[in-house]
Amino acid sequence: MVYILGLNAYHGDSSACLVRDGKLVAAIEEERFRRIKHWAGFPEEAIKYCLAEAGIGLAEVDHVAVNRDPWRNMWRKALFSLRQRPDIRYIFDRLGHARRWASVGDEFARRFPGAGFRAQLWQVEHHLAHLASAFYVSPFPEAVVVSVDGSGDFASAAWGLGTGSDIRIDGRVPFPHSLGIFYEAMTQYLGFPYYGDEYKVMGLAPYGEPKYVDELLQIVDLRRDGSFRLNLDYFSHHRERRQFQWADCAPSSGRLATPALAELLGPERRPDQPLEQRHKDIARSIQRVYEEAFFNLLNRLYERYQQPHLALAGGCAFNSVANGKIYDRTPFRRCYIQSAAGDAGGAVGAAFHAWHAQGAQRSSFVMDHAYWGPHFADAEIEAALRARLEREADRSITLSAVADEDAYCREVAAAIAAGKVVGWFQGRVEWGPRALGSRSILCDPRRTDMKDILNLKIKRRESFRPFAPSVLREAVRDWFETDDDVPFMMKVFQIRPERRGQIPAVTHVDGSGRLQTVKRAANPRYYRLIECFRDLTGVPIVLNTSFNENEPIVCRPEEAIDCFLRTRMDLLAIGGFLLRRQEEGALLEPGAGERHRRSTDA
């Protein structure tokens, strides 16, 4: 057997995965163990988990592949330094970062003393790792491959063709030009300062009008060949030293825009300022300009390759709003995006590249589900429950075990239908940032007030952000204007107009939903739960949001129990057990549920 350990290290969303003979065994982000969102550094705990899941030691790992090659594109870096003459501290920062990547072998020796580390080290160019992370785990024997992100190894985008066991890169967009940096700079301008806040701009955009497109097209120049360039007068990332934070912490990339951006669009919003209509209009314009650049690239690539399949990766692949328009705005007919499309997923890409670079034939492996993280037996869960409840000594909380699978799902479905907020902790942790029915909070999508209830009880997040629907795969066409497979919640589609009134809690202001399609084979218990909810209500959909409260998604039973106890969640369905909070009761009065259903159906 050949074991390959893939890593994303010294960057946001640090992660590890393990590939055995061309098939994925385990994958997890370090944040799930460290309990710090987007944790950046060396993924020591993720590595330990992957090895334990396979039942091997570090000495049995044959290859370690990292998703960076700091010495790639050196001539471009040198030419850039001569032309731009950036702050000398910027150059030293970049050199120091490169040395960390080059010393991964030393890091293993330091972190795992005496483990007998003997693996061959592979340094895989950043965008090649992204492309590999999408293509080699896709169902496509051939596909156009595209990576778009902030930057990595002195490029911000790459594209080419994947065929069988080979990926050919035919083009790149060089640093400092970047759609990811454009979107991140605009996210900061709108008063969302934290790493990964771009999804807030996507959620805000439908509340505005695209009134600032002409101004923003002064910043992003779209080329006839599909590439793009930034007007660098508006950006500082290429010449000023930024206060990067990538070492054992929550990541930060520093300020990206120059004062010229505020001169163009008006004063930027501070995080503590209210959102005005101008901010919503700018958000809509940002999304519109991003989409124009994105589809300009995809359409030129289709013209070049005449290939209907697309494998997409990179941080910009999380722009689910744009992804949902690919079939309408381009000739591509199928698009695959894996669940950890950003930098975390580069660990998978690096590992699969190392496997194929040795001449191995492409295996039959397809990543059709996201459940690659830790799982816990009922005995472990029961021990954690009893330990926590003994300390709580709260008689309003009761614990029961339900052995029968069907009875279990029917009971949880009835609680959701009664308006209760349910924590759902089952099976293996999801790979990627989305809760996909393993570590989820579930609610009734029919309630007009469910968004407010969730934000009051648990999430405490901005009111403009939508919640997602999980839908039985067979019912997709009846409820959404698509019949696509969307197992990883990576595409937004329109909900059918006649259905929107039935599921207001998951219908965004523009009539859209970021759906997750659920198949029985991928997650049998979650599928059965939604079936039971459909049998009770006629609706084959539940509202699904991440199981957390301003923290990474829960991983261990103790974290799920703690989140349940410190919030106002009503029910925790964890393994084969049900933990109830009695004093909350149903959120609806007896008989009110039927009245509510009649009013929303009307």
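In case you missed it, the structure is sitting above this.
Criteria and cut-off values
- Residues numbered from 1 in each chain as written.
- Predicted model: local features only at pLDDT ≥ 70, side-chain atom pairs only at ≥ 80, totals over all residues.
- Heavy atoms only, no water.
- Axes fitted to C-alpha atoms, helices over the stretch in contact; angles between N-to-C directions.
- Helix = DSSP H or I, 4+ residues; strand = E, 2+ residues; numbered from the N terminus.
- Parallel < 35°, antiparallel > 145°, perpendicular 65-115°, else oblique.
- Contact = heavy atoms within 4.5 Å.
- Nonpolar A, V, L, I, M, F, W, Y, C, P; charged D, E, K, R; others polar.
- Pairing = 2+ DSSP bridges.
- 1 Å grid on protein atoms, 1.4 Å probe; cavity = no way out; pocket = protein on both sides within 12 Å on 5 of 7 lines; lining within 4 Å.
- Points joined across faces, edges and corners; volume = space filled by probe spheres on them.
- Buried < 20%, exposed > 50% of the residue type's maximum accessible area, 1.4 Å probe, protein only.
- Disulfide = S-S within 2.5 Å.
- Core = buried A, V, L, I, M, F, W, Y, C linked by side-chain atoms within 4.5 Å.
- Phe/Tyr/Trp six-rings, centres within 6.5 Å; stacked < 30°, edge-to-face > 60°.
- Salt bridge = Lys/Arg side-chain N within 4 Å of Asp/Glu carboxyl O.
- Polar contact = N/O pair within 3.5 Å; in protein donor to acceptor, adjacent residues only side chain to side chain.

Participant: Help me understand the packing of helix α6 (residues 126–135) against helix α14 (residues 346–357) in this model?
Facilitator: Pairs of packed helices are described in terms of their axes, by the angle between the two and the distance that separates them. Between α6 and α14, the shortest axis-to-axis distance is 7 Å and the interhelical angle comes to 85°. It follows that α6 is roughly perpendicular to α14 by the angle criterion. Contacts between α6 and α14 involve L128, A129, A132 and S133 from the first element and G346, V348, G349, A350 and H353 from the second. Counted by class, the contact of α6 with α14 contains five nonpolar, four polar and no charged residues.

Participant: Explain the sheet that holds strand β6 (residues 142–152) here, please?
Facilitator: Sheets are built from strands paired through backbone hydrogen bonds, the pairs being either parallel or antiparallel. Spatially, β8-β7-β6-β11-β12 is the arrangement adopted by the five strands of the open sheet, whose pairing is mixed. Both edges of this open sheet fall to β8 (166–174) and β12 (334–336), since each of them pairs with a single strand only. Adjacent strand axes in the sheet meet at a mean angle of 20° when their direction is disregarded. The sheet contact formed by β6 and strand β11 (residues 309–313) spans four bridges and is parallel. Looking at β11, one finds that V145 is bridged to A311.

Participant: What is the right way to look at empty space enclosed by the protein in this model?
Facilitator: Space left empty within the atom packing is revealed by a probe, the size of a water molecule, rolled over the atoms. Overall, the coordinates contain one cavity of 30 Å³ or more when judged by the stated rule. Empty space within the largest cavity amounts to approximately 40 Å³. Lining the largest cavity we find E184, T187, Q188, F192, P193, Y194, Y195, G196, D197 and E198. Per-element tally for the lining of the largest cavity: the top contributor is helix α7 (residues 179–189), with three residues.

Participant: What am I meant to see in the layout of surface pockets here?
Facilitator: Its boundaries defined by the atoms lining it, the second largest pocket holds a volume of some 490 Å³. Taken together, 28 residues form the lining of the second largest pocket, with Y336, D368, D485, P487 and K519 sitting closest to its centre. Elements represented by at least two residues in the lining of the second largest pocket include exactly β12 and β19 (516–518). Residues of the lining of the second largest pocket, tallied by class, amount to 18 nonpolar, four polar and six charged.

Participant: Help me understand the pairing of strand β14 (residues 422–425) in this model?
Facilitator: In regular strands, side chains alternate between the two faces of the sheet. Side chains V422 and W424 project from β14 onto one buried face, and the interleaved G423 and F425 project onto a second face that is buried too. The sheet contact formed by β14 and strand β15 (residues 439–443) spans four bridges and is antiparallel. Residue pairing in the sheet places F425 in a bridge with R439 of β15. As defined by bridge partners, β14 adjoins strand β21 (residues 571–574) across four bridges and the pair is classed as parallel. The residue of β21 that forms the bridge with G423 is L572.

Participant: I'm lost on the state of the cysteines in this one. Help?
Facilitator: In protein structure, a disulfide is the covalent linkage between the sulfur atoms of two cysteines. Overall, the coordinates contain zero disulfides when judged by the stated rule. Free of any disulfide, C17 has its nearest cysteine sulfur in C50, 6.5 Å distant.

Participant: I tried to follow the nonpolar core on my own but got confused; where do I start?
Facilitator: Proteins that are soluble and globular tend to have nonpolar side chains buried together. Counting 171 residues, the largest nonpolar core has V146, F182, I326, M367 and V412 as its most contacted members. Setting aside its immediate chain neighbours within four residues, M367 contacts L24, V137, Y336, Q338, S339, V348, W372, W431 and F488. By size, the runner-up hydrophobic cluster in this structure holds 28 residues, among which are Y10, V25, I47 and V104.

Participant: Would you mind showing me how to read the packing of aromatic side chains here?
Facilitator: The relative placement of two aromatic rings is captured by the distance of their centres and the angle of their planes. Enumeration over the complete set of coordinates arrives at 18 aromatic pairs. Both rings, one in Y10 and one in F42, keep their centres 6.2 Å apart while their planes meet at 35°; by these two values the pair is tilted. Placement of the pair is Y10 in the loop between β1 (3–8) and β2 (15–20) and F42 in the loop between α1 (31–34) and α2 (44–54), with a sequence separation of 32 residues. By relative accessible area, F42 is classed as buried at 0%. Plain terms: the ring middles of F33 and Y49 are 6.4 Å apart, the flat faces sit at 40° to each other, and that makes the pair tilted. Residue F33 is located in helix α1, and its partner Y49 is located in helix α2; the two are separated by 16 residues in the primary sequence.

Participant: Can you help me understand the side chain of N296 in this one?
Facilitator: On the secondary structure map, N296 appears in helix α11 (residues 277–305). What makes N296 buried here is its relative accessible area of 15%. Beyond its immediate sequence surroundings of up to four residues, N296 is in contact with L222, R223, G226 and S227.

Participant: It is not clear to me how the sheet that holds strand β3 (residues 23–29) should be interpreted in this structure. Could you clarify?
Facilitator: Strand order in the open sheet made by the five strands is β3-β2-β1-β4-β5, with mixed pairing throughout. Here the strands that pair on one side only, and so sit at the sheet edges, are β3 and β5 (120–123). On average, each strand axis in the sheet is inclined to that of its neighbour by 20°, with strand direction left out of account. Pairing of β1 with β2 involves six bridges; the strand directions are antiparallel. If you follow N8 over to β2, its bridge partner there is S15. Docked against the sheet, helix α5 (residues 104–111) engages β1, β4 (63–66) and β5, running at close to 100° with respect to β1.

Participant: Could you clarify how one ought to interpret the packing of α7 against α11 in this entry?
Facilitator: Axis separation between α7 and α11 bottoms out at 11 Å; the angle between their running directions is 180°. With respect to α11, the element α7 is oriented roughly antiparallel. On α11, the residues touching L179, F182, Y183, M186 and Y189 of α7 are R278, I282, I286, Q287, V289, Y290, A293 and F294. Taken together, the residues of the contact of α7 with α11 break down into eleven nonpolar, one polar and one charged.

Participant: I tried to follow the pattern of salt bridges on my own but got confused; where do I start?
Facilitator: Taken as a whole, this structure holds 46 salt bridges when the rule is applied. One salt bridge connects K200 with D197, and the closest N-O pair in it is separated by 3.7 Å. Across this residue pair, the class does not change: K200 and D197 are buried. The residue E291 makes a salt bridge to R329 at a minimum N-O spacing of 4.0 Å. Separated by 38 residues along the polypeptide, E291 in helix α11 and R329 in helix α13 (residues 326–329) bring together distant segments of the chain. Among the charged side chains, a network of salt bridges with common partners joins R35, R460, E549, E551, E559 and R566.

Participant: I keep staring at the environment of Q307 and nothing clicks. Help me out?
Facilitator: Structurally, the position occupied by Q307 is in the loop between α11 and β11. Taking relative accessible area as the criterion, Q307 reaches 9% and is therefore assigned buried. With 255 residues separating them in the primary sequence, Q307 and A52 have C-alpha atoms 41 Å apart. Beyond its immediate chain neighbours, meaning those up to four positions away, Q307 contacts E142, A143, V144, Y302 and F332. Among the polar contacts listed, one links the side chain of Q307 to the backbone nitrogen of H309, at a separation of 2.9 Å.

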